[in-house]
Amino acid sequence: MPSALLHSAILHSPVQTALPPQHTSTSRTSLVVYAIAILLGLFSGWVNQTVGDALLTSLCVLAFTMMLGVWKSRQPWRWVLLVWVGVPLVLAYYHFIVKWPHDRGQVYGAFVQLLAASAGGFGGHFMRQMIDHVFLKKED
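The rules behind each value
Residue numbering note: each chain is counted from 1, following its sequence as written. For this predicted model, a pLDDT threshold of at least 70 governs which residues receive local features, and a threshold of 80 or more governs which side-chain atom pairs are given and counted, while totals over whole chains, interfaces and linings are taken from all residues. Excluded from the side-chain calculation are hydrogens and water; included are all heavy atoms of the structure. Helix axes are fitted only over the stretch in contact, all axes being lines through C-alpha atoms; the angle between N-to-C directions runs from 0 to 180 degrees. Each helix corresponds to a stretch of at least 4 residues labelled H or I by DSSP, and each strand to a stretch of at least 2 residues labelled E; elements are numbered beginning at the N terminus. Crossings are assigned a handedness: left-handed for a near helix turned anticlockwise from the far helix by less than a right angle, right-handed for a clockwise turn. By definition in these notes, contact holds between two residues if any of their heavy atoms fall within 4.5 Å. As a working rule, the residues Ala, Val, Leu, Ile, Met, Phe, Trp, Tyr, Cys and Pro are called nonpolar, Asp, Glu, Lys and Arg charged, and the rest polar, with Gly in that last group. Only protein chains enter the area calculation, which uses a 1.4 Å probe; residues under 20% of their type maximum are buried, those over 50% are exposed, and those in between are partly exposed. Each Phe, Tyr or Trp ring, with Trp reduced to its six-membered ring, pairs with another whose centre is within 6.5 Å; inter-plane angles below 30 degrees give stacked pairs, above 60 give edge-to-face pairs, and intermediate values give tilted ones. To count toward a patch, a residue needs a relative accessible area over 30% and no salt bridge; like charges are then connected within 9 Å, while nonpolar side chains (Val, Leu, Ile, Met, Phe, Trp, Tyr) are connected within 5 Å. Here the Shrake-Rupley method, with its probe set to 1.4 Å, supplies the accessible areas, and only the displayed protein chains count as covering residues. We define a salt bridge as a side-chain nitrogen of Lys or Arg found within 4 Å of a carboxyl oxygen belonging to Asp or Glu. Counting rule applied: Lys, Arg positive; Asp, Glu negative; His and chain ends not counted.

Engineer: Which parts of the structure should I look at to understand the packing of helix α4 (residues 77-84) against helix α6 (residues 104-135)?
Structural biologist: Two numbers describe a pair of packed helices, the interaxial angle and the distance between the axes. In contact at an axis separation of 9 Å, α4 and α6 are set at 145° when each is read in the N-to-C sense. As for the relative orientation of α4 and α6, their crossing is right-handed in sense. For the pair formed by α4 and α6, the contact residues are W77, V80 and W84 on the first element and A110, F111, Q113, L114, A117, S118, G121 and F122 on the second. Of the residues that constitute the contact of α4 with α6, the class distribution is eight nonpolar, three polar and no charged.

Structure, rendered in structure tokens:
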């Protein structure tokens, strides 16, 4: 009989389930953060145009998307696209408005910056998850 009571107690014990985090309306990202991301992308494009070094542009794009991914870690693809799109936009501005010629390598290089942006945005997202789970671990 004691094993039946033990079995019954195990079956009826409360089980803790992992629930997804609840996002309230206060956790929404403001338009200021989007404006900062766009400005950082335009600055990266300006660096690409004035300095002419694709590696420095990649470093800027990587650092900016990683910073935004750590700051606002939900949906990191937003920061990837908003920062990256500044590089081809500035290149198009200088090509069509200012009439500075560009070769094929510069155009391809502007689109390859998407790789650095992806690494930074998603790297920042996972860095924020690591910080939240390891360093800010809550008591069970």
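Engineer: I tried to follow the environment of C60 on my own but got confused; where do I start?
Structural biologist: Tracing the sequence through the fold places C60 in helix α3 (residues 54-71). What makes C60 buried here is its relative accessible area of 14%. Counting along the chain gives 13 residues from C60 to V47, while the straight-line C-alpha distance between them is 8.3 Å. In contact with C60, other than residues within four places in its own chain, are S44 and V47.

Engineer: Could you clarify how one ought to interpret unusual backbone geometry in this entry?
Structural biologist: Excluding glycine, residues mostly carry a negative phi; peptide bonds, for their part, are mostly trans. For Q75, which is not a glycine, the phi torsion comes out positive at approximately 50°. Topologically, Q75 is positioned in the loop between α3 and α4. The backbone of K99 sits at a positive phi, close to 70°, despite the residue not being glycine.

Engineer: Mind showing me how you'd approach the packing of aromatic side chains here?
Structural biologist: Any pair of aromatic rings gets described here by the distance separating the centres and the angle formed by the planes. Per the counting criterion, the structure on display carries six aromatic pairs. When the ring of Y93 is compared with that of Y94, the centres are 5.4 Å apart and the planes differ by 80°; the resulting orientation is edge-to-face. Counting every residue linked through ring pairs, the aromatic cluster contains F43, W46 and F64.

Engineer: It is not clear to me how the side chain of S44 should be interpreted in this structure. Could you clarify?
Structural biologist: Relative to the assigned elements, S44 resides in helix α2 (residues 31-51). On the accessibility criterion, S44 (0% relative accessible area) is buried. With residues up to four places along the chain from it excluded, the contact list for S44 reads T57, C60, V61, F64, V83 and V87.

Engineer: What is the right way to read the environment of V107 from this model?
Structural biologist: In this structure, V107 sits in helix α6. Residue V107 is classed as partly exposed on the basis of its relative accessible area, which comes to 31%. For the pair formed by V107 and A92, sequence separation is 15 residues and the distance between their alpha carbons is 9.0 Å. Beyond its immediate sequence surroundings of up to four residues, V107 is in contact with L91 and H102.

Engineer: How do you make sense of a nonpolar patch on the surface when you look at a structure like this?
Structural biologist: On the surface, a nonpolar cluster with roughly 410 Å² of combined accessible area is contributed by I38, L39, L42, V85 and L89. Among the elements that take part in the nonpolar patch, α2 stands out by supplying three residues, more than any other. By the element assignment, V85 lies in the loop between α4 and α5 (86-96). For V85, a relative accessible area of 32% puts it in the partly exposed group.

Engineer: Would you explain the side chain of R78 in this entry?
Structural biologist: Within the element layout of this structure, R78 appears in helix α4. The side chain of R78 sits in the buried core without any salt bridge; D132 is the nearest counter-charge, 13 Å away. Residues within four places of R78 in sequence aside, it is in contact with T29, Y34 and K72.

From the geometry alone we can't say anything about function, so treat these as descriptive.
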